[in-house]
Amino acid sequence: MELLSSILQFILCITIIVGLHEWGHMATAKWFGMRVEKYFIGFPPKLFGFKRGETEYGLGAIPLGGFVKISGMIDESMDKEQMKLPPQPYEFRAKPAWQRLIVMLGGIIVNVITGVFVFMLWYFFTGESFTPISEVNKQGIAAYPVAESIGLQSGDKILKFNGKEVTYFEDVVGAKVFLGSNGYYTVERDGKEKRIDIPNGIVEKLDKNMFISPFQAFEVENVSPNTPAEKAGIIKGDKITALNGMPVRYYHEFEKAKVSAKNKTVPITIVRA
């Protein structure tokens, strides 16, 4: 069912993209007074169609493309007899070269405009958030095992990356940090500045492991079905305060306590409602 849904989504996306692309050719052709005989999404056999003015609009059974037929546009499969006659004012071949070029580029232009428009909508509704490093440094960073292995500690305040002051937390994590070479942090620990070198190739150790994060209060957002958590009775909204007797106020503390509890049955303390 999931595969079928993905296939249908793919076909819908292709149909929309092709439809807009061919509409770009048609719109520019009509703008310059060319006769557009057909506008089809999909390839034959034809499922249905209708004619409005001089143009037939239709939908083909094979949803992997589309086409626009413009009078006088040279095509080895169409209009062979028409090409033998003198050009008519409404034909593609009768128009100036610059107009023909715009018509040929019309589909690409529309696709580019559509892409920009979709990106703007996505950015408008989802936005892009940045966390000021000054906010993170009120408590310092939470260091996970990979970060601890290079010398970082929970509570460290990151001041600089490669000698340059940072403005946002996102500046000290990501491709620039993990894929670069000879990088280093300048952190404040116990009131003193300390340099922490970032080993080359550290990205290979990360995989699904977290590196550093702001301190995050730990509240259960979701419980996957058929997991030990579900069987133990943990539900969404529970606040885990201790694991196997170790206090866990923050998510990184829970991750650390979890290591010592691997493959064991241990008590978990929670606050509910």
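Heads up: the structure comes first, above all this text.
Attention in this report is confined to the structure presented alongside it.

Here is what the cut-offs are and how they apply
Residues numbered from 1 in each chain as written. Predicted model: local features only at pLDDT ≥ 70, side-chain atom pairs only at ≥ 80, totals over all residues. Heavy atoms only, no water. Pairing = 2+ DSSP bridges. Helix = DSSP H or I, 4+ residues; strand = E, 2+ residues; numbered from the N terminus. Contact = heavy atoms within 4.5 Å. Axes fitted to C-alpha atoms, helices over the stretch in contact; angles between N-to-C directions. Phe/Tyr/Trp six-rings, centres within 6.5 Å; stacked < 30°, edge-to-face > 60°. Lys NZ or Arg CZ within 6 Å of the ring centre and 35° of its normal. Core = buried A, V, L, I, M, F, W, Y, C linked by side-chain atoms within 4.5 Å. Buried < 20%, exposed > 50% of the residue type's maximum accessible area, 1.4 Å probe, protein only.

### So, the sheet that holds strand β9 (residues 239-243)
For step 1, the next point in the chain: A sheet is described by the order of its strands in space; here 3 strands give the open sequence β10-β9-β11, paired in antiparallel fashion. Edge strands, defined here as strands with exactly one partner in the open sheet, are β10 (246-247) and β11 (268-271).
For step 2, the next point in the chain: Against the sheet, helix α8 (residues 251-260) touches β9 and β10, its axis set at about 40° to β9.

### Considerations on the packing of aromatic side chains
Both the distance between ring centres and the angle between the ring planes are used here to describe each pair of aromatic rings.
For step 1, the next point in the chain: Following the criterion strictly, the structure yields 12 aromatic pairs and no others.
For step 2, the next point in the chain: Each ring, one from F50 and one from Y57, has its centre 5.4 Å from the other, and the planes form 20°; the classification is stacked.
For step 3, the next point in the chain: Taken together, the ring pairs in this structure connect W31, F32 and W98 into an aromatic cluster.
For step 4, the next point in the chain: Note that R35 overlies the ring of Y90, its terminal NZ or CZ placed 3.8 Å from the centroid.

### Section: the nonpolar core
For step 1, the next point in the chain: The biggest cluster of nonpolar side chains holds 23 residues, and the ones touching the most others in it are L152, V172, Y185, F211 and I212.
For step 2, the next point in the chain: At the level of secondary structure, the elements contributing two or more residues to this core comprise α3 (133-136), β3 (141-143), α4 (145-149), β4 (157-161), α5 (175-178), β6 (183-189) and β7 (192-198).
For step 3, the next point in the chain: With residues near it in sequence (within four places) discarded, L152 still touches A143, A147, Y185, V187, R189, I196, F211 and I212.

### Describing the sheet that holds strand β5 (residues 164-165)
For step 1, the next point in the chain: The 4 strands are arranged β5-β4-β6-β7 in an open sheet whose pairing can be described as antiparallel. Of all the strands in the sheet, just β5 and β7 have a single pairing partner and so form its edges.

### Thoughts on unusual backbone geometry
For step 1, the next point in the chain: Residue P44 is joined to P45 through a cis peptide bond whose omega torsion reads 10°.
For step 2, the next point in the chain: Looking at the secondary structure, you find P45 in strand β1 (residues 36-52).
For step 3, the next point in the chain: With a phi angle near 55°, N182 is a residue other than glycine that sits in the positive phi range.
For step 4, the next point in the chain: N182 sits in the exposed class, given a relative accessible area of 60%.
For step 5, the next point in the chain: Backbone geometry places N244, a non-glycine residue, at a positive phi of 55°.
For step 6, the next point in the chain: Along the polypeptide, N244 turns up in the loop between β9 and β10.

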